[in-house]
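Overview (structure and organization)
Take a look at the letters that make up each chain.
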Amino acid sequence: MMSCKEMIDACLRDCPWGMRDTVSVYAPANIALCKYWGKRDLELNLPVTDSLSISLGALGSHCTMSIGDEDAYFLDGVWVTPEEPFAKRLCSFLDLFRGRDGCHYRVEAVNTVATAAGFASSASGFAAVVMALDQLHGWRLDARTLSIFARMGSGSACRSLWNGFVHWYAGKEEDGSDCYAEPLHSDWKDLRVGLVSVDAGPKSVSSREAMNRTVATSALYGGWPQQVDQDMATLRDAIAARDFQALGLCAEQNAMAMHATMMAARPAVLYWQPATLEILQAVWSMRAEGVPLYFTMDAGPNVKVLFTEDARDQVLLKFPDAQLANPWET
Ligand code: DP6
């Protein structure tokens, strides 16, 4: 079994190792319409199934990176102490790349996605760091390899290198060389995502822990891969046909199925709060009144609503604090 470090060393073997002073990059956050939920390899972050996401466009992570005498990390302008979980996770990710001379990095990350409303995105963060490393050292790696590197930081990060729809292939190889993401060509310019915040606080159970516990203990997990196969096909067809109803309904049902698997874990994982349920019911009643509006949810209490530009006013009337994203905006 290959480690992340061995895989990265193999990819970088023939690459140059330049040192640019400073680089600045941007990666958008993404929301899965068909979720990544369960790993076949914990070390390499290889998923059990494919997944499909939509970009959040201008909501994501800006990252400025330079070589320094020692590591220093800043998040939204604030220095992050080495003891904080964010710093530890970033540091061990950077350890995979430091090269023979063991160089140090100064990383300044600024999130445009509403971190303070509980939408912190490790996906866009790791994707941005990988893009910055590539430019800083002049590797000029292809997007597929960058996607593989980002995946090692956080699975969903491999889908954060592009705008629009992105398909992440689970692959079959043990070393994960066929486990990467790719953009789907589509020109669905009026599709929108709204972030509706319920709770800004840190989660009691991380998505990583919830997913691993679900795979290990949930009696409902057995049916999940088959559900994903169906949903992936439905979503790809809906995207090709620009069928918003089929897309929205499938995304909503996929999110509900994922939450069902974790509720059946032992101990149960339940992210929903009373306000979460109120939002889901509000979406359903708006839909019953003829507004084409659907939701999806990740491992947390906040809700993401899916709609098209013509429903914008109705969405904002119902959810005035929602942060809106255009998946194709840069
Ligand atoms: C529910 O990508 O955060 O958002 O690979 O362990 O870092 P790790 O997990 P992460 O899990 C995301 C789970 C999800 C679904 C999704 O984004 O597909």
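Right above here is the structure, for reference.
Summarised in this report is the structure supplied together with it. Quick caveat, the model's predicted, so the values are computed rather than measured. (Residues numbered from 1 in each chain as written. Predicted model: local features only at pLDDT ≥ 70, side-chain atom pairs only at ≥ 80, totals over all residues. Heavy atoms only, no water.)

**Observations regarding the sheet that holds strand β12 (residues 303-308)**
Read from one edge of the open sheet, 4 strands run β11-β12-β10-β13, paired in antiparallel fashion. Here the strands that pair on one side only, and so sit at the sheet edges, are β11 (294-296) and β13 (323-325). Each strand of the sheet is rotated relative to its neighbour by a mean of 30°, with strand direction disregarded. Sheet topology note: the β11/β12 ladder contains 3 bridges and is antiparallel. Its bridge partner lying in β12, F295 is registered against V305. (Pairing = 2+ DSSP bridges. Helix = DSSP H or I, 4+ residues; strand = E, 2+ residues; numbered from the N terminus. Axes fitted to C-alpha atoms, helices over the stretch in contact; angles between N-to-C directions.)

**Topic: the packing of helix α3 (residues 122-137) against helix α4 (residues 143-153)**
In the contact formed by α3 and α4, the axes pass within 9 Å of each other and the chain directions differ by 135°. The angle between the axes of α3 and α4 places the two elements in the oblique class. Two packed elements cross with a definite hand, and for α3 against α4 that hand is right-handed. Across the interface between the two elements, F126, A127, V130 and D134 from α3 touch L146, F149, A150 and G153 from α4. Partitioning the contact of α3 with α4 into residue classes produces 6 nonpolar, 1 polar and 1 charged. (Parallel < 35°, antiparallel > 145°, perpendicular 65-115°, else oblique. Left-handed = near helix turned anticlockwise from the far one by under 90°. Contact = heavy atoms within 4.5 Å. Nonpolar A, V, L, I, M, F, W, Y, C, P; charged D, E, K, R; others polar.)

**Considerations on the side chain of N30**
Positionally, N30 belongs in strand β1 (residues 22-34). Note on N30: relative accessible area 9%, which makes it buried. There is a polar contact of 3.1 Å between the side chain of N30 and the backbone oxygen of S156. Within polar-contact distance, the side chain of N30 engages the side chain of R159 at 2.9 Å. Every residue in contact with N30, bar those within four places of it in the chain, is listed here: S53, I54, S55, L56, A123, S156, R159 and S160. (Buried < 20%, exposed > 50% of the residue type's maximum accessible area, 1.4 Å probe, protein only. Polar contact = N/O pair within 3.5 Å; in protein donor to acceptor, adjacent residues only side chain to side chain.)

**Considering the layout of surface pockets**
Volume-wise, the second largest pocket comes out at about 230 Å³. Residue lining of the second largest pocket: K5, D9, L12, R13, C15, W17, L96, F97, R98, G99, R100 and D101, and that is the complete set. (1 Å grid on protein atoms, 1.4 Å probe; cavity = no way out; pocket = protein on both sides within 12 Å on 5 of 7 lines; lining within 4 Å. Points joined across faces, edges and corners; volume = space filled by probe spheres on them.)

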